[in-house]
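Structural overview for review
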Amino acid sequence: MATDSIDLTDGSFAKLLDGYKSTVVERANPKLIKKKMTNPKLTPSAFMREMSLDTKQKLAATREMHLPPIVELLDMTNSTLQKYSSLDIDQPLFQPFPSEITFQNYKPCEIYEVPLSLRNHDQVPRMVKVIEEDSPYFRIVYPSDVSFKVAPGMAITFKVIFTPEENKDYIHELVCITEREKFLVPVKAIGARGVLDFPDQINFSVCPVKYNTQKTLLVRNVGNREAKFILQTKTPFHVVPIHGKLDAGESMQVTVEFIPQTTGNHSEDLMIHLDTGEDIFVNLYGAAEDVNVRLDKSSVMIEKTYITLANQRVVSICNRSNIIVHFQWKAFATPEEEQQQKLRFFSDLVSEEEEVTDYFLQECAEDPALHESISILSRTFLNRRRMVQDDKMLLSDDTLFMEPVEGDVWPNSTTEISIICRPQQAKVFQWTVYCDVTGRETRLPLRIKAEGMGPKLLLNFDQIDMGFIIINSKHMYEMLMMNKGDICAAYSLMPAFTPIGSCFNINPSSGSLLPGDYQVLDVTFKSNILGEFQEDLMFSVEGCPQPITVTFKGRVIGPTFNFNVPSLNFGEISYGFPSTISCRLINTSIVAMTFNLWVAGDGSAEVTPASDNYSLDGRRVLSWTNIGYGVKPKEFTIRPNYGTIKAQEEMEIQVTLCSNTVKKYESALVVDIEQVGQEVLAIPVSARTSSLVLQCLWDRRGPQPMAIHPPT
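Residues numbered from 1 in each chain as written. Predicted model: local features only at pLDDT ≥ 70, side-chain atom pairs only at ≥ 80, totals over all residues. Heavy atoms only, no water.

1. Let's talk about the environment of Ile-230
With respect to the element layout, Ile-230 can be found in strand β13 (residues 227–232). Separated by 11 residues in sequence, Ile-230 and Pro-241 place their C-alpha atoms 8.7 Å apart. Those residues in contact with Ile-230, other than ones at most four positions away along the chain, are Ile-242, His-243, Met-271, Ile-272 and His-273. (Helix = DSSP H or I, 4+ residues; strand = E, 2+ residues; numbered from the N terminus. Contact = heavy atoms within 4.5 Å.)

The following block contains the structure:
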């Protein structure tokens, strides 16, 4: 059997150890021995180089030491009189070199040996020994002076013999025992390895932002066994495939993609995790920049458009780069805003699912057979969440449409986008939409303004002055409604909630007019409310935010009437004798009039005869002897005092005065009109009563005149 060993007799190992010690270990201060640091990232070339070394070359390439792990502290009083040490308790008395013994690139059934040197870093002589665990593959060859103490700063060397049975990994540990502690020296044998010939760095140079730049590598397994690996990286880099398997000598393609979302430099690592435990890192670098992609205009004004109709403008996406750019029209300015909107959708779905589930569980309590359907409910909401997650958040609006909303623009070419406005309401619309395009970090904004127009209905009058209108009279007017627009217009009269508004009646109160058509509206007005008015009648038009208004104004007055005489003059009348005057009340209005007549200042007590007294001409004389004290008798009698006179007609009125007081009468005949008011009209009434009245009394002898004085 061949033996691969390191010759220690020529002093080469001692020179190697001294040279390393001068660079890593300070002889004057052993505390400066470096602890084991985190291994630097292993590149593919470094890993390939490491795997190409044999055991002797691996040892010669070792350039650092670290403190071995202490597994147990011992009582120094049991082994030495030197109880105190200048070294800290976390530093062993001896420093091993190499700190980790490695065998690699070996062949089965051959013998390999590596020296292990233990140097005393204390200031007094110390003893050390090495114990090997039972292993058929590893053993230790002790030096001849192993029982002696090692002087300060001196080293003792052991041989570690390794005899493998096959080319695979082996792990072993050596236990080193000093007077103060036990520490371990790991021993490992690295067997066959799969080695992938990735480059140390992949440089994408300068690429357009948001553009997928790819590099395809032909990766070969240059090792001596099968390689199973997993590839991992971070955005903006991506790798395909993410895992693979290659036999020794085989090759495969690996694609690395660079899709930066922001301009500037980007650097990440591609980690290659091998199934044997090694992690190899490939540096990925790329720079992103904006390319010449723009919109030909930043704002668009769309002409006024009737509702239910559509209008169109065109905007162009100009690509002056050498790549195919992909565009999408969005409603949000940044991806962060889109993500926030998705989170709101998710929150609403969760709330809805909880509400529906609670209601469903209540139904299940009443009908246990429904429990089988709960999985359908869960699947429904799961599918809705997936739809939200996969939603591209493209522009979606009921009024504004971009066609196409998504597409590609070829290098050095232009694509036209149709902006279609189909308003559903008559108002001014303003949008800011964003074009998310490859090659531009920020989305390109486009401001759009449009105005929707409703049906164009017009009335031939804006205002109608109705003048003086007699109460309860019926007046009719005609208006003309015309459709001056290009779409059909449906209108309806809005209800009026004012007293005067309810007096109007319009026929027809609703309807629909085709473009260019017209409609005659009959307006009827009848009011029982006196006074001046101004009323707005409004028509709502479907699709128009503002109604059509026509204003009616006027004044409602009472009926017109008069007497055929300017006054009622009874002249000189006799005391106690009735006197009658006739007049005519004339209704000059066009409506019937209900009146009530009374004389101002007249009494209220009705006079009844008290005795059979007769005048000289045979008439009965009224007596007031039955009037109560303090009550004024009624002297005027009006026939009729109440009634209704038809329009344009007249009625005879008789006013009788029977005086019971000697005085001069200056009063008025007052007219009250029903539904109009009190004391609407009054004409003067005048009379004078004589102080002496001759009354003839009739008896069987005939009339006997006698003077009668009125009572005082």
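2. Some words on the pattern of salt bridges
As enumerated under the stated definition, the model contains 24 salt bridges in all. Ionic pairing is found between Lys-330 and Glu-338, a salt bridge with its closest N-O pair at 3.5 Å. On the basis of relative accessibility, which here comes to 4%, the residue Lys-330 falls in the buried class. Assessed through its relative accessible area of 9%, Glu-338 is described here as buried. Where salt bridges share partners, they join Lys-210, Lys-330, Glu-338, Asp-436 and Arg-443 into one cluster. (Salt bridge = Lys/Arg side-chain N within 4 Å of Asp/Glu carboxyl O. Buried < 20%, exposed > 50% of the residue type's maximum accessible area, 1.4 Å probe, protein only.)

3. Some points on unusual backbone geometry
Cis geometry is found at the peptide bond from Asn-507 to Pro-508, where omega equals -5°. Relative to the helices and strands, Pro-508 resides in the loop between β33 (504–507) and β34 (510–513). Cis peptide bonds are those with omega within 30 degrees of zero, and the linkage from Arg-639 to Pro-640 qualifies with -15°. Within the element layout of this structure, Pro-640 appears in the loop between β44 (636–639) and β45 (642–645). The phi dihedral of Cys-109 is positive, around 70°, even though this residue is not glycine. Mapping Cys-109 onto the fold places it in the loop between β4 (101–104) and β5 (111–120). Here the phi dihedral of Lys-210 falls at roughly 65°; this positive angle occurs in a residue that is not glycine. Within the secondary structure, Lys-210 is located in the loop between β11 (201–208) and β12 (213–220). Lys-210 sits in the buried class, given a relative accessible area of 16%.

4. As for the side chain of Glu-338
For Glu-338, the location among the structural elements is in helix α4 (residues 335–366). Here the side chain of Glu-338 touches Arg-443 through a polar contact of 2.9 Å, side chain to side chain. Residues within four places of Glu-338 in sequence aside, it is in contact with Lys-330, Phe-332, Lys-392, Met-393 and Arg-443. (Polar contact = N/O pair within 3.5 Å; in protein donor to acceptor, adjacent residues only side chain to side chain.)

5. Observations concerning the sheet that holds strand β18 (residues 279–289)
Think of a sheet as strands paired side by side through backbone hydrogen bonds, with each pair either parallel or antiparallel. The sheet built from five strands is open, its strands ordered β11-β18-β17-β13-β15 with mixed pairing. Whereas interior strands pair on both sides, the edge strands pair on one side only; in this sheet they are β11 and β15 (243–246). For this sheet, the mean inter-axis angle between neighbouring strands, taken without regard to orientation, is 20°. As paired strands, β13 and β15 are joined by four bridges and run antiparallel to one another. (Pairing = 2+ DSSP bridges. Axes fitted to C-alpha atoms, helices over the stretch in contact; angles between N-to-C directions.)

6. Regarding the packing of aromatic side chains
Counted by the stated rule, this structure contains 20 aromatic pairs. Between Phe-103 and Phe-162, the aromatic rings sit 5.0 Å apart at their centres with planes inclined by 40°, giving tilted as the arrangement. Of this pair, Phe-103 sits in strand β4 while Phe-162 sits in strand β8 (residues 155–162), placing them 59 residues apart in sequence. Among the aromatic residues, those joined into a cluster by ring pairs are Phe-103, Tyr-106, Tyr-112, Tyr-137, Phe-138, Phe-162 and Tyr-170. Positioned over the ring face of Phe-281 is Lys-41, at 5.6 Å from the centre of the ring. (Phe/Tyr/Trp six-rings, centres within 6.5 Å; stacked < 30°, edge-to-face > 60°. Lys NZ or Arg CZ within 6 Å of the ring centre and 35° of its normal.)

7. Let's talk about the side chain of Arg-193
Secondary-structure assignment places Arg-193 in the loop between β10 (181–190) and β11. For Arg-193, the side chain forms a polar contact with the side chain of Glu-278, separated by 2.8 Å. In contact with Arg-193, not counting residues within four places along its chain, are Met-51, Asp-169, Gly-223, Asn-224, Arg-225, Thr-276 and Glu-278.

8. A closer look at the pairing of strand β37 (residues 548–557)
As defined by bridge partners, strand β30 (residues 463–470) adjoins β37 across six bridges and the pair is classed as parallel. Residue Phe-468 lies in a different strand from β37, and its bridge partner there is Arg-555. By the bridge criterion, nine bridges tie strand β36 (residues 531–541) to β37 in an arrangement that is antiparallel. Bridge pairing in β37 places Leu-537 opposite Val-550. Hairpin connection from β36 to β37: six residues lie between these consecutive antiparallel strands, with Gly-543 at a positive phi of about 100°.

9. Some words on helix α5 (residues 374–390)
Within an α-helix, residues lying three or four positions from one another point in the same direction, as the helix has 3.6 residues per turn. Over its 17 residues, α5 extends 25 Å from the first C-alpha to the last, a length consistent with the 24 Å expected when each residue adds 1.5 Å. Buried residues of α5: Leu-377, Phe-381 and Val-388, and no others. Buried residues in α5, looked at end-on, bunch into an arc of 25°, giving them a common side. Residues Ile-376, Met-387 and Asp-390 are exposed on α5 and point more than 90 degrees away from its buried face. Those residues of α5 hidden inside the fold are in contact with α4. (Expected span 1.5 Å × (residues − 1). Arc of directions from axis to C-beta.)

Note that every value here comes from positions in space, so none of it alone points to a role or purpose.
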